[in-house]
Amino acid sequence: MANHIGLILLGMALFGFSIDAKGIGFSIKEATVHDIQIAFKQNRLTSRQLVEFYLREIHRLNPVLRGVIEVNPDALYLADKADQERKTKRPGSLSGLHGIPILVKDNIATKDRLNTTAGSFALLGSVVPRDAGVVVKLRKAGAIILGKASLSEWSYFRSNTAPSGWNARVGQGVNPYIASADPCGSSSGSAISVAANMAAVTLGTETDGSILCPSNQNSVVGIRPTVGLTSRSGVVPITPRQDTVGPICRTVSDAVYVLDAIVGFDPYDAVETRGASKYIPKGGYLQFLKADGLRGKRLGITSDPSFGFPENSDIFPFFEHHLNTLRQGGAILVDHLEIPNLHAMVSYLGIDEDIAMKAEFKLAINDYLKQLVTSPVRSLADAIAFNNKHSDLEMIREYGQYYFLEAEKTNGIGKLEKKALLNLTRGSKDGFIKLMKKNKLDALVSPLNSLSLILAKGQFPGIIVPAGYDDEGTPFGITFGGLKGSEPKLIEIAYGFEQATKIRKPPSFKP
Ligand SMILES: *[C@@H]1O[C@H](CO)[C@@H](O)[C@H](O)[C@H]1NC(C)=O
Ligand SMILES: *[C@@H]1O[C@H](CO)[C@@H](O)[C@H](O)[C@H]1NC(C)=O
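Residues numbered from 1 in each chain as written. Chains lettered and ligands numbered in written order. Predicted model: local features only at pLDDT ≥ 70, side-chain atom pairs only at ≥ 80, totals over all residues. Heavy atoms only, no water.

Enquirer: Outline the site of ligand 2, listing residues and values.
Expert: Neighbouring residues of ligand 2: Asp-352, Leu-416, Lys-419, Ala-420 and Asn-423. Asp-352 has a polar side-chain atom sitting 2.7 Å from a nitrogen atom of ligand 2. Here an oxygen atom of ligand 2 sits 2.3 Å away from a polar atom, N or O, in the side chain of Asn-423. Across the complex, the protein chains shield 55% of the 360 Å² of accessible surface that ligand 2 would expose by itself. It is helix H16 (residues 415–438) that contributes the most residues to the shell around ligand 2, four residues altogether. Residues of the shell around ligand 2, tallied by class, amount to two nonpolar, one polar and two charged. (Near = heavy atom within 4 Å. Polar contact = N/O pair within 3.5 Å; in protein donor to acceptor, adjacent residues only side chain to side chain. Areas by Shrake-Rupley, 256 points an atom, 1.4 Å probe, with all protein chains shown as cover. Helix = DSSP H or I, 4+ residues; strand = E, 2+ residues; numbered from the N terminus. Nonpolar A, V, L, I, M, F, W, Y, C, P; charged D, E, K, R; others polar.)

The structure is reproduced here in structure tokens:
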């Protein structure tokens, strides 16, 4: 990151009038879900026009950006169907995502003509038993599955040396703001694509940072929901203990529309989704998009070095500036907090997380592969053998398969893993939970996505919002994290901050 930063605090201007919807005066580029729904109602826009626009943009931009792995050959058919439904259904009876094109990360199963491969040729041609739980809900809401977003292969649980945003199927994803900047992963394609207007909205998944980090790097909003709030069935897993599915979008409001559509019970992820159902507010999450959402919120601030300082000291002045914005919005800042075991969290609890994840991955991935109707690989051992056999294709020689090999060595949840899991639980209890409760905090705030590692280990939710650009134009965000089920408050805070700052600007990337 640059030493000196020119933070762009201009309000978001409106860019480029629509290419395809000329004459009706509606710009699809940068349009929000809310804008689109109004345009639908006024008969100024159709889902077909939306899909045609995004397909054209994918065709134009994706050869360089590589945010998309596959487009849905049925997307136009689905768009026509949505347009037809809108004519016949009672106004107001349709969901907020009806007729909206969405890209889903390529580790999320769709039972259609799209492949679900986690970016790997080892899964190309595999047939999934059914739509992922979140895809069932998206289709029910009337969303149009536009295609599959690229990702760090196997959600970065094959190689430990591959660059983030790389997978064998489309290669290296590119940050649309600065081609030389890390796009981060593993939900790289979702963040790249939505930032560059190749889709209206997208879904990513996160185990430890995979939504928050690419959102940080590509100047978009990411929500990492409480684990279990969204179903993980049909998602190529790392560990059910930490995996969560969430939106990556250009605005908080868009992300909340998507969240509303995907939360809730799924019989194929019954225990966790039933458990987390209690967190879903009556009437959904849109009600928390309040312009004065910051008022009265207690926000914890820590300037602990493990939190991104001092290595990122160049953004410190801007973080300070944003803290003032939060104060001006009516938030109460509880400053100079120390997370009791933050150092432990970043050091040895990372080792515990690793120990647990390797064993959990083997169990979860074997279960996922077994359930496929057909597949080139049926087990982790098969996937390792596939990689060895196709070492050119999969760049095994270059990037290796460290996590696969390490995971294959494990043998279920034994004594060591139990100890590691106990450490993780205790770490959250004595650390983040204690801090939040003792100080009666609504959220902890961090620059960038530094909170990721704490949230991930404890299944906690977080929202990241664009917070600026450094001198070279590399984006960075600000993260708000809270206790399980605190999405309503986090949405109020994130929306309040976004409305007060409106920092995000679309990338000026040209192919
Ligand atoms: C899925 O993969 C097969 C190759 O196995 C390919 O022929 C097909 O076009 C892919 N589907 C899409 C929608 O790209
Ligand atoms: C758990 O924590 C203890 C320290 O409290 C540490 O010695 C140990 O290495 C950790 N992990 C495991 C797997 O035992």
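This is not the end of the story, as more comes after the structure.
Enquirer: Talk me through the site of ligand 1; I want residue IDs and the actual numbers.
Expert: Ligand 1 sits among Glu-70, Val-71, Pro-73, Arg-113, Leu-114, Asn-115 and Leu-124. For ligand 1, an oxygen atom lies 3.2 Å from a polar atom in the side chain of Glu-70. Residue Arg-113 places a main-chain N or O atom 3.3 Å away from a nitrogen atom belonging to ligand 1. When the free accessible area of ligand 1 is taken as 360 Å², the share hidden by the protein chains comes to 50%.

Enquirer: Give me the lowdown on the domain arrangement of the protein chain, citing residues and values where you can.
Expert: Split by domain assignment, the protein chain resolves into domain 1 (40–288), domain 2 (298–340 + 430–501) and domain 3 (344–421). Between domain 1 and domain 3, the C-alpha centre-to-centre distance is 24 Å. Every contact between the two is made by 37 residues of domain 1 and, on the other side, 31 residues of domain 3. Carbon and sulfur atoms supply 65% of the area that domain 1 and domain 3 bury against each other, a total of about 2700 Å² over both sides. The largest share of the area that domain 1 buries against domain 3 comes from Ala-122, Phe-157 and Arg-158, three residues that together contribute 27% of it. Across the domain 1-domain 3 interface, the total number found is one salt bridge. The closest approach of N and O atoms between Arg-241 and Glu-360, which form a salt bridge, is 2.6 Å. Linking domain 1 with domain 3 are twelve residue pairs in polar contact (both at pLDDT 80 or more). Among the elements that line the side of domain 1 that touches domain 3, the one with the most residues is helix H5 (residues 153–156), at three residues. When grouped by side-chain class, the residues that make up the side of domain 1 that touches domain 3 number 20 nonpolar, eleven polar and six charged. (Domains from an automatic or database assignment. Contact = heavy atoms within 4.5 Å. Buried area = accessible area lost by both parts, 1.4 Å probe. Salt bridge = Lys/Arg side-chain N within 4 Å of Asp/Glu carboxyl O.)

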